[in-house]
Amino acid sequence: MSALLSVRDLRVTFPSRQGVFEAVRGVSFDLGRERLGVVGESGSGKSMTGRAILGLVRPPGRVTAQALTLGGQDILNLPERERRKIRGRRIAMVMQDPKFSLNPVMRVGDQIVEAYRLHSGAGRAAARLKALEMLEAVRIRDPERVYQSYPHEVSGGMGQRIMIAMMLAAGPEILIADEPTSALDVSVRAEVLRIMDDLVRDRGMGLIFISHDLNLVAQFCDRVLIMYAGRIVETLAARDLHAARHPYTQGLLNSLPRLDAPVERLPVLERAEEWREGPLVDASMTEALPGGLR
Amino acid sequence: MSDVSLRDWLLTDAPQTRRQARLGAFYQGWLVFRSNHLALLGLVILVLLVGTAIFAPWIAPQSPFAQDLADRLQPPSAEHWLGTDALGRDILSRLIWGSRITLFIVGTVALISPLIGLLIGTVAGFAGGWVDQVLMRITDIFLAFPKLILALAFVAALGPSVTNAVLALALTGWPPYARLARAETLTIRNADFIAAARMQGASAPRLLILHIWPLCLSSLIVRVALDMAGIILSAAGLGFLGLGAQPPAPEWGAMISDGRTYILDHWWVAAMPGIAIFLVSLAFNFLGDGLRDVLDPKGAGE
Amino acid sequence: MSAPILSVADLRVWFGHPPDRVDAVRGVDLGVQRGESFGLVGESGSGKSTVLRAIAGLAPDWSGRVAVAGETLSGARRSPAFHRRVQMVFQDPYASLHPRHTVDRVLAETLTLQGMDDIDRRIVRLLDDVGLGRGFRFRYPHQLSGGQRQRVAIARALAGEPELLLLDEPTSALDVSVQAEILNLLTDLRADRGLTYLMVSHDLAVIGHLCQRLAVMQAGEIVDRLEVADLRAGRAQNAYTRHLIAASQYQRA
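Residues numbered from 1 in each chain as written. Chains lettered and ligands numbered in written order. Predicted model: local features only at pLDDT ≥ 70, side-chain atom pairs only at ≥ 80, totals over all residues. Heavy atoms only, no water.

Overview of the UniProt feature "transmembrane region" (unreviewed entry) in chain B
Residue and element names in this part refer to chain B.
So, point 1. The UniProt record annotates "transmembrane region" (unreviewed entry) at residues 38–60, 101–128, 148–172, 224–246 and 266–288.
So, point 2. Regarding residues 38–60, the helix share stands at 91% and the strand share at 0%, and the terminal C-alpha atoms are separated by 28 Å.
So, point 3. Summarising residues 224–246: 74% helix, 0% strand, and an end-to-end C-alpha distance of 27 Å. (UniProt positions renumbered as here; feature names shortened; annotations may be inferred. Helix = DSSP H or I, 4+ residues; strand = E, 2+ residues; numbered from the N terminus.)

What follows is the structure, given as structure tokens:
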């Protein structure tokens, strides 16, 4: 079985006054046709990992890796033009807040059409049909009306669905979702997740779901990588999350207040220096069969 | 204290005293500024300019007013490094003395305009409502006139002199600063830290002066430094039209004006003050760029 | 029960003027007893934060009757007594500290405004109380992490020794491990100082952890009130409340 995306020893560094700052320090994983969660706190390097895969790390940031391959093809050392072709057509990204991802002065439909035509080269009429079809696919009840509306006229949840529609129109193999539901209310969140889940499953895509929310990821993904200080400290099947062995993962889980288990004081995560360098709980993560956990 | 530990002391993330915190912040700013080489160059030119103005009597080889009609319109030579003008006066000496006038103009305008702008802009933005309406309409009226024309009218009414030219430039220069300060204030006004200070019972003047001004000031300083070149050029323009410094004062703009009759045969008469104006304007622009790196709140901090 | 420290009757808050007027809060009644911790839950746009801001005097247009410790409030002006009695902690620790003021300056100014004496000693004590220590005294906000900033914001709120703290999603911008630290701090401070909390959050688990009673808001109105014990035991009756509970628990399907 071959991986859709293979990452080996990915590093992202930024020069700073105190020397070189490593945001991502040697991340390796394979992505199959699965839903892979990447969890960590702010500053853990989880978002930077996603950006590095897409080639969106801006100078002076530097991305290095032993290997970064998409379907066996190296994408790390591609010229920017080629890289741009891959972005959107083969790997798409959904960001946290649709407000900042949609052009405020363009109709929603036209934006989907434009994105789709850019990647597929389809005609205007065909692209329009595709846009409406995609809006329907993300369960928008009145696609014609939404097609004609401007971003400020739609709610946050609707905006995120539109973003998903736009990203999936080109039929990418991999979707990277960076905190796609953090800006949404809990009741809308579930719906957006379900839509994303169905689409990814139906199309046999690979999904990288970046989030700070352990429980959400546990519920939604097949496999979870836990990142701390730029490294993956633990890899496990999502259904085993609550049996996590790394003290960091355990600490994160314990520090959440729970309705069903009231406590007077919450256990506080005591960060240990050795987590930065110490052994990883699951060293076999690179050999783990991608997509085999459902 | 060795050099290394002084640097560490300044750059620490955990300053122990008020003074260390302030010096540390200052030093961080300096480090950012220093990394911009053009800004550093601008700073050097301006320091030289200030030095020249202060020590003019000792530096200038000759009196800026001493005429020598036998020596008129001499090209640059060992005796007159930058040549002489139509009345045989040494151009270098005139430029050196003229730096005082230039600095006076720039300094005064740079003090008055932004202050008026800051006051009007922040009050308008902070108060809102009809106060904002009235103040901003007044600003619009000033903005509607071309700046130089308005300055010309002022000088024509007050009589031509350097002081009046400065006054005219200062009084016509504030509206853009007021707009800028108002825009900044509008974004700060509803910030949580203002709300928090309000919750502690801070009065409106206190919020304005202690909380809003410091944040507006940095972008104003940047803007002023970048506008400096324009101010020098406007002042030179007024001088060129005979509405600024009066002969025989060695004002750079007036010197260009004097030289334009001979520009084809004796290019240096107009070119030398022109180069001086160009250099100083450029220096202020570089400085402004560097200051923006340091002071722009969006770039500051992390 | 004794007289409530905070009573709100028929509170209505709106923004703008007709025809663009938006009614953010549409007739809310609340009573918070001295010493208790009361939660206000709702999704974005439910008006829960607006209730806090109206009480704090940060929303100019409101009607209804709001009284704090017997003092009836009006308009957006608040008396010095109110400022001493009621303080607020904001959601975003990155926006609630002046970027050019050191911790020292923030606290010193607050103490001066509150008419406190012996400012030096009080600053040190406040920093100790919120678990920062004096090493943080002369730092600028950009030298602090999100959790540390929120501690400074809490220290600022405590400077005038208030009785009632309005907490506007104080942990929603923080990582979960830092959230736990701040929630613990709030628990301890309430026990030590006998504070009363009115806390707004979208997170039922956080409210459940810190509060004894809560009200659920939707579209500017309170749709449900219940004890946290009932919430825990799954005895919520209201459909919307049950929906929120279900949505926040992520039961794996």
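Now that the structure has been shown, we can carry on.
Concerning the pattern of salt bridges
So, point 1. What the rule picks out here adds up to 42 salt bridges over all chains.
So, point 2. A:R87 is the partner of A:E80 in a salt bridge, and the nearest nitrogen-oxygen pair spans 3.0 Å.
So, point 3. Taking the shortest distance from any N to any O, the salt bridge between B:D132 and B:R182 comes out at 2.7 Å. Here B:R182 lies in helix α8 (residues 162–189) and B:D132 lies in helix α6 (residues 129–144), a separation of 50 residues in the sequence.
So, point 4. Here B:D132 falls in the buried class, since its relative accessible area comes to 11%. (Salt bridge = Lys/Arg side-chain N within 4 Å of Asp/Glu carboxyl O. Buried < 20%, exposed > 50% of the residue type's maximum accessible area, 1.4 Å probe, protein only.)

Focus on the sheet that holds strand β10 (residues 221–227) of chain C
Residues and elements named next belong to chain C.
So, point 1. Read across the open sheet, the 6 strands follow the order β6-β7-β8-β3-β9-β10; overall the sheet is mixed. In this open sheet, the two strands that pair with only one neighbour each are β6 (86–89) and β10. Pairwise comparison of adjacent strand axes, ignoring direction, gives a mean angle of 20° for this sheet.
So, point 2. Strands in contact with helix α6 (residues 176–193) are β3 (37–42), β7 (164–168) and β8 (196–201); relative to β8, the strand with the most contacts, it is inclined by about 155°. (Pairing = 2+ DSSP bridges. Axes fitted to C-alpha atoms, helices over the stretch in contact; angles between N-to-C directions. Contact = heavy atoms within 4.5 Å.)

Some details on the pairing of strand β8 (residues 174–178) of chain A
Consecutive side chains of a regular strand alternate in pointing toward one face of the sheet and then the other.
Residues and elements named next belong to chain A.
So, point 1. With 5 of its 5 residues buried, β8 lies for the most part within the structure.
So, point 2. On β8, burial covers both faces: I174, I176 and D178 on one face and L175 and A177 on the other are all buried.
So, point 3. Across 4 bridges, the pairing between strand β7 (residues 91–94) and β8 is parallel. The residue of β8 that forms the bridge with A92 is L175.
So, point 4. The pairing of β8 with strand β9 (residues 206–211) spans 5 bridges and is classified as parallel. Bridging across to β9, L175 finds its partner in L207.
So, point 5. Crossover connection from β8 via helix α8 (residues 186–203) to parallel β9: handedness right-handed. (Right-handed = clockwise from strand over helix to strand, strands pointing away.)

Thoughts on the UniProt feature "domain: ABC transmembrane type-1" (unreviewed entry) in chain B
So, point 1. Within this structure's numbering, the places UniProt gives as "domain: ABC transmembrane type-1" (unreviewed entry) are residues 99–288 of chain B.
So, point 2. Helix makes up 84% of residues 99–288 of chain B and strand 0%. Its end C-alpha atoms lie 20 Å apart.

Let's talk about the packing of helix α2 (residues 18–34) of chain B against helix α3 (residues 37–54) of chain B
All names here are of chain B.
So, point 1. Look at α2 against α3: their axes get within 7 Å of each other, and the N-to-C directions meet at 100°. Between α2 and α3, the angle falls in the class roughly perpendicular. Residues W30, F33 and R34 of α2 form the contact with α3, whose participating residues are H37, A39, L40 and L43. (Parallel < 35°, antiparallel > 145°, perpendicular 65-115°, else oblique.)

A word on the nonpolar core
All names here are of chain B.
So, point 1. One finds I91, L95, I105, W252 and F284 to be the most contacted residues of the largest nonpolar core, which totals 64 residues.
So, point 2. Counting residues per element, the ones that place at least two in this core are α3, α5 (91–127), α7 (147–158), α8, α9 (192–199), α10 (204–240), α11 (252–259) and α12 (268–295).
So, point 3. Excluding residues that lie within four positions of it along the chain, W252 makes contacts with L49, R94, L95, G98, S99, T102, P273, A276, I277 and V280. (Core = buried A, V, L, I, M, F, W, Y, C linked by side-chain atoms within 4.5 Å.)

Describing the sheet that holds β7(A)
Residues and elements named next belong to chain A.
So, point 1. Spatially, 6 strands are ordered β7-β8-β9-β3-β10-β11 in an open sheet, and the strand pairing comes out mixed. Bordering the open sheet on either side are β7 and β11 (231–237), each of which pairs with just one other strand. Pairwise comparison of adjacent strand axes, ignoring direction, gives a mean angle of 20° for this sheet.
So, point 2. By the bridge criterion, 4 bridges tie strand β3 (residues 35–39) to strand β10 (residues 223–228) in an arrangement that is parallel. Bridge assignment links V38 to a residue of β10, and that residue is L225.
So, point 3. Relative to the sheet, helix α7 (residues 156–169) contacts β7 and β8, its axis offset from that of β7 by approximately 175°.

Observations concerning unusual backbone geometry
So, point 1. Omega for the bond connecting A:P59 with A:P60 falls within 30 degrees of zero, at 10°, which places this linkage in the cis form.
So, point 2. With respect to the secondary-structure elements, A:P60 resides in the loop between α1 (46–54) and β4 (62–64).
So, point 3. The backbone phi angle of A:R139 is positive, close to 55°, even though this residue is not glycine.
So, point 4. Its place among the elements puts A:R139 in the loop between α5 (124–137) and α6 (143–148).
So, point 5. By relative accessible area, which is 33% here, A:R139 ends up partly exposed.
So, point 6. Its identity is not glycine, yet C:A219 carries a phi of approximately 50°, on the positive side.
So, point 7. Its place among the elements puts C:A219 in the loop between β9 (213–218) and β10.

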